[in-house]
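Structure assessment
This is what each chain is made of:
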Amino acid sequence: MSASEEELIGHSYTRARKHPLVIGKLPGAGRLPGGPYTITQVMTMVITFGLLVMTRDLWAVFGAMNFVLMVLVPWGLAWLLRYARLDGRDPARAVRSLLIYSSTPAQGRLAGKPQRVARTRLASATCTVRVRSAERPAPTAAPAAAPKPAAAPRRKTRPASAPAPAATAVRPQPKTGLQALLASLDEH
């Protein structure tokens, strides 16, 4: 196989690098029962335990079983969260993403500040178009002669025998194609 026909193989290690931060070992190298626990699971256990302690007067009617419930309910919720996945993420990160998404401005952010779209305004402008008529006016018989300036000194004089050149308007020949095109448009 030549170098140009070489098969390219790509590998993605994204999922392997997204291991959640876990709490699972005790300082004496022992493991926590049911662990390792993610930060979400630990927070769930702490918050649930705190809520159970604060509302103890409402539900604590079982005697000695109250202490078992105060341990089993937080641990059971944390164990359920281990297997709960929303779009490949643990529920706390999914809820966080949802809160960020719902608090983001509709136009997005620019340099950390909400992007504001300027109100539309009616733009008014005037444009004048002058159309040349297709017919050119007939040339006049003789253009009015401009008054001649005062006599200027002459450098060379012509011999009297040579006739003076006729005063005809001769256009110079165009040098480029664009000049020829413009000259042809002027003639029409």
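Structure: above.
All values derive from a computational prediction rather than experimental measurement. (Residues numbered from 1 in each chain as written. Predicted model: local features only at pLDDT ≥ 70, side-chain atom pairs only at ≥ 80, totals over all residues. Heavy atoms only, no water.)

1. Examining the overall build of the protein chain
Across its full length, the protein chain carries six helices and four strands. When each of the 188 residues of the protein chain is scored for burial, the buried share is 10%. Taking the intrachain contacts of the protein chain between residues at least 6 apart in sequence as the baseline, contacts between residues at least 24 apart amount to 36%. Of the roughly 18000 Å² of accessible surface on the protein chain, a fraction of 62% belongs to carbon and sulfur atoms. (Helix = DSSP H or I, 4+ residues; strand = E, 2+ residues; numbered from the N terminus. Buried < 20%, exposed > 50% of the residue type's maximum accessible area, 1.4 Å probe, protein only. Contact = heavy atoms within 4.5 Å. Areas by Shrake-Rupley, 256 points an atom, 1.4 Å probe, with all protein chains shown as cover.)

2. Focus on helix H2 (residues 39-54)
Along its 16 residues, H2 runs 22 Å from first to last C-alpha, staying within 8% of the 22 Å computed at 1.5 Å per residue. Looking at H2, one finds that the buried residues are Thr 40, Gln 41, Thr 44, Met 45, Thr 48 and Leu 52. Buried residues of H2 fall within an arc of 135 degrees about the axis and therefore sit on the same side. Projecting away from the buried face of H2 at angles above 90 degrees are the exposed residues Val 46 and Met 54. Buried positions along H2 lie against strand E2 (37-38), helix H3 (56-59), helix H4 (65-83) and helix H5 (91-103). (Expected span 1.5 Å × (residues − 1). Arc of directions from axis to C-beta.)

3. Notes on the packing of aromatic side chains
Under the defined criterion, the tally for this structure stands at one aromatic pair. Aromatic side chains Trp 79 and Tyr 83 sit 5.5 Å apart centroid to centroid with 75 degrees between the ring planes, which places their arrangement in the edge-to-face category. Taken as a pair, Trp 79 and Tyr 83 lie in helix H4 at a separation of four residues, close to a single helical turn. Judged by relative accessible area, which is 56%, Tyr 83 ranks as exposed. (Phe/Tyr/Trp six-rings, centres within 6.5 Å; stacked < 30°, edge-to-face > 60°.)

4. Topic: the environment of Trp 75
Structurally, Trp 75 can be placed in helix H4. Residues Trp 75 and Thr 44, 31 residues apart in the sequence, show an inter-C-alpha distance of 8.6 Å. Setting aside chain neighbours within four positions, we find Trp 75 in contact with Pro 33, Gly 34, Tyr 37 and Met 45.

5. Regarding a nonpolar patch on the surface
Nonpolar side chains collect at one region of the surface, where Val 61, Phe 62, Met 65, Val 68, Leu 72, Val 73, Trp 75, Leu 77, Trp 79, Leu 80 and Tyr 83 lie side by side and expose about 1100 Å² of accessible area between them. Within the secondary structure, Val 68 is located in helix H4. (Patch = residues over 30% accessible without salt bridge, like charges linked within 9 Å, V, L, I, M, F, W, Y side chains within 5 Å. Salt bridge = Lys/Arg side-chain N within 4 Å of Asp/Glu carboxyl O.)

6. Focus on unusual backbone geometry
Phi angles above zero are rare outside glycine, and Ala 111 is one such case at about 60 degrees. Topologically, Ala 111 is positioned in the loop between strand E3 (109-110) and strand E4 (113-114).

7. With respect to the side chain of Thr 44
Along the chain, the position of Thr 44 falls in helix H2. Among all residues touching Thr 44, those that are not within four sequence positions of it are Leu 77, Ala 78 and Leu 81.

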